[in-house]
Amino acid sequence: MSRRTVLLLPGQGAQRERMAAGLYEAVPEFAAPMDSFLAALGPEGARLREEWLRPAPNPSLDDALVSQPLLFGVGYALGRCVTALSGHAPDVLLGHSVGELAAAALAGVFSPEDAAQVMAARRTALAGRTGGGMLAVGAAVADVEPLLTPGAAVAAVNGPRQTVLAGPSDALARTSERLAAAGMVVRALRSGHAFHSPSLAGAAETYARALSHVPLRAPEGALLSTRTARWLRAEEATDPAFWAGQLALPVLYWPALRALLDGTPDGPGTGLVLLDASADRSLTAPARRHPSVRSGASVVVPLLSGPAGGDDPGTLGEALDVLAGHRVRTSPHVRTRAAQATAS
């Protein structure tokens, strides 16, 4: 059977202590690109490595200046690792928030050498812009929007009934009370910034100026943008304002993923292999209810062991086995190579 592979890369809120640390300690194909990225950050990279590998609880991961570069680095390294061990790059890249920057790096929009500059510029743009936050709401956008108080905005559409809000802390507190009173489940996300809301419009302008010094190229692979819910265009990929504007505009994750799933024939041997690079399994949770996944036409495959812990190398090995079984183009040595790379 041959199914298209889709690599799903997470954003703010999905960070977890020691995410992918098992791969870092056991799989050179993951450790090498991760080390290269951290080294390119200079002294800050060494501090980030220490924060990343600290055991839970680690409140520092709630700081976007820590979590954002780590989410980028882990996502990028996972993409490189899967490509190296499976013998084939993912057919489609789809990233949530900072995960879309990792997808852009994997697609060749900017070089691995420039990745550190891209993330350092994002860090500078965000510095000093705290005082906000994000809320996950178990309801559809249409049900949430009438209850928003001034300052709160829809920041992400993560599923049919998974909406994320962002804004100043006081506005979110008032909105949370209204949503709870209406019987909706509300949960604060691990973020001290109001990502993907007008609160970060100034940060987006600062970021755009910094990105104007980074060489940007048209994507070499297929990247489905969660900013627009359509395929990334060459003129968008090479526009610094496109990437910078992402900070203040909502993430259309579910519309983008649903467009992929809606386009898959509902039959054996067709569909998608969804590779979930998140440590909390959040990226594929809404997909499990889609008819393409429920029928088995498409399958969900985690790359990391998940929030309960476990064996990251073992989970990756299982994912590579799935790829070997569902892709006719996967190199024949994949099972042997995976076993060698994930051996503890």
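Residue positions within a chain follow its written sequence, with the count starting from 1. The model is predicted, so local features are restricted to residues of pLDDT at least 70 and side-chain atom pairs to those at 80 or more, both for listing and for counting; the totals for chains, interfaces and linings are taken over all residues. Values shown for side chains rest on all heavy atoms present in the structure; no hydrogens or waters enter the calculation.

**Here we look at the sheet that holds strand S1 (residues 4-9)**
Taken in spatial order, the six strands line up as S8-S7-S2-S1-S9-S10 in an open sheet, and their pairing is mixed. Two strands lie at the open edges of the sheet, namely strand S8 (230-231) and strand S10 (299-302), each paired on one side alone. Two strands qualify as a pair provided DSSP detects at least 2 bridges between them. Numbering goes from the N terminus for both helices and strands, where a helix is a DSSP run of H or I of at least four residues and a strand is a run of E of at least two. Summarising the sheet, strand S7 (residues 222-225) and S8 pair through two bridges and their orientation is antiparallel. Across the sheet, Ser225 pairs through a bridge with Arg230, a residue of S8. Contacts: residue pairs with any heavy atoms within 4.5 Å of one another. Axis lines are fitted to C-alpha atoms, over the contacting stretch for helices. Their N-to-C directions set the angle, which ranges from 0 to 180 degrees. Along the sheet face, helix H12 (residues 253-262) touches S1, strand S2 (92-95), S7, S8 and strand S9 (272-276) and points at about 155° away from the line of S2.

**Comments concerning the pairing of strand S3 (residues 132-137)**
With respect to burial, S3 is a largely interior element, six of its six residues being buried. Exposed residues in this analysis have more than 50% of their type's maximum accessible area, buried residues have under 20%, and partly exposed residues fall in between, with area computed by a 1.4 Å probe over protein chains only. Side chains of S3 alternate between two faces, with Gly132, Met134 and Ala136 and Gly133, Leu135 and Val137 buried alike. Two elements, S3 and strand S5 (residues 162-168), share six bridges in a ladder whose sense is antiparallel. Looking at S5, one finds that Met134 is bridged to Ala166. Summarising the sheet, S3 and strand S6 (residues 186-188) pair through three bridges and their orientation is antiparallel. Counterpart to Leu135 in the pairing with S6 is Ala188.

**Brief notes about the packing of aromatic side chains**
Each pair of aromatic rings is reported with the distance of its centres and the angle of its planes. Between rings of Phe, Tyr and Trp, where Trp is taken as its six-membered ring, a pair exists when centres lie within 6.5 Å; planes separated by under 30 degrees are stacked, by over 60 edge-to-face, and by other angles tilted. As enumerated under the stated definition, the model contains five aromatic pairs in all. Between Phe72 and Phe110, the aromatic rings sit 6.4 Å apart at their centres with planes inclined by 20°, giving stacked as the arrangement. Linking Phe72 in helix H4 (residues 64-86) with Phe110 in the loop between helix H5 (98-106) and helix H6 (112-126), this pair joins segments that are 38 residues apart in sequence. For the pair Phe72 and Phe110, a shared accessibility class is recorded, and that class is buried. Taking 5.1 Å as the distance between ring centres and 90° as the angle between the ring planes, the aromatic pair formed by Phe242 and Trp243 counts as edge-to-face. One aromatic cluster is present, built from ring pairs that chain together Phe37, Phe72, Tyr76 and Phe110.

**Topic: helix H2 (residues 28-40)**
Compared with the 18 Å implied by 1.5 Å per residue over 13 residues, the 18 Å span of H2 between its first and last C-alpha is a close match. Burial in H2 covers these residues: Glu29, Phe30, Ala31, Pro33, Met34, Phe37 and Leu38. Of the residues flanking the end of H2, it is Gly42, one or two places downstream, whose phi is positive at about 75°. Given a helix with a known number of residues, its expected span is that number minus one, times 1.5 Å.

**A look at the nonpolar core**
Only buried residues count toward a nonpolar core. Its members are Ala, Val, Leu, Ile, Met, Phe, Trp, Tyr and Cys residues joined through side-chain atoms within 4.5 Å. Counting 112 residues, the largest nonpolar core has Phe30, Phe72, Phe110, Trp243 and Leu274 as the members making the most contacts within it. Each residue touching Leu274, except ones within four places of it in the same chain, is listed here: Val6, Leu8, Leu257, Leu261, Thr284, Ala287, Val293, Val299, Val300 and Val301.

**Focus on unusual backbone geometry**
Of all residues except glycine, most have a negative phi; of all peptide bonds, most are trans. Note the cis peptide between Ala56 and Pro57, where omega equals 0°. When you line up the elements, Pro57 lands in the loop between helix H3 (43-53) and H4. A positive phi is found at His196, a non-glycine position, where the angle reads about 60°. The topology assignment puts His196 in the loop between S6 and helix H9 (201-211). The residue Ala229 is not glycine, and still its phi comes out positive at about 60°. Mapping Ala229 onto the fold places it in the loop between S7 and S8. On the accessibility criterion, Ala229 (23% relative accessible area) is partly exposed.

**Re the environment of Arg281**
By secondary structure assignment, the location of Arg281 is in the loop between S9 and helix H13 (291-294). Residue Arg281 is classed as partly exposed on the basis of its relative accessible area of 27%. When the C-alpha atoms of Arg281 and Thr315 are compared, they prove to be 12 Å apart, with 34 residues separating the residues in sequence. There is a polar contact of 2.8 Å between the side chain of Arg281 and the backbone oxygen of Ser305. In protein, a polar contact means a hydrogen-donor-capable atom and an acceptor-capable atom, both N or O and within 3.5 Å, with residues adjacent in sequence counting only if both atoms are side-chain atoms; elsewhere, any N or O pair within 3.5 Å suffices.

**Topic: the confidence of the model for the chain**
A low pLDDT score tells you not to read the predicted coordinates there in detail. One number per residue, pLDDT, summarises how confident the predictor is, and it ranges from 0 to 100. With 91% of its residues at a pLDDT of 70 or more, the chain has an overall mean of 91. In the model, residues 328-339 has pLDDT below 50 throughout and makes 19 contacts with residues more than four positions away in sequence or in other chains.

**A short note on the packing of H3 against H4**
One can describe the packing of H3 onto H4 by two numbers: an axis separation of 10 Å at closest approach and a directional angle of 85°. Relative to H4, the element H3 lies roughly perpendicular. Facing H3, whose interface residues are Arg47, Leu48, Glu51 and Trp52, H4 presents Leu65, Val66, Pro69, Leu70 and Val74. For the contact of H3 with H4, the per-class residue count stands at seven nonpolar, no polar and two charged. When describing relative orientation, an angle under 35 degrees is termed roughly parallel and one over 145 degrees roughly antiparallel, while 65 to 115 degrees is termed roughly perpendicular and anything else oblique. Three classes are used: nonpolar for Ala, Val, Leu, Ile, Met, Phe, Trp, Tyr, Cys and Pro, charged for Asp, Glu, Lys and Arg, and polar for all others, with Gly counted as polar.

**What about the sheet that holds S6?**
If you trace the four strands from one edge of the open sheet to the other, you get S4-S5-S3-S6, paired in antiparallel fashion. Bordering the open sheet on either side are strand S4 (153-159) and S6, each of which pairs with just one other strand. The mean angle between the axes of side-by-side strands here comes to 25°, regardless of whether they run parallel or antiparallel. Its contacts with the sheet put helix H8 (residues 169-181) on S3, S5 and S6, and the angle it makes with S5 is roughly 145°.

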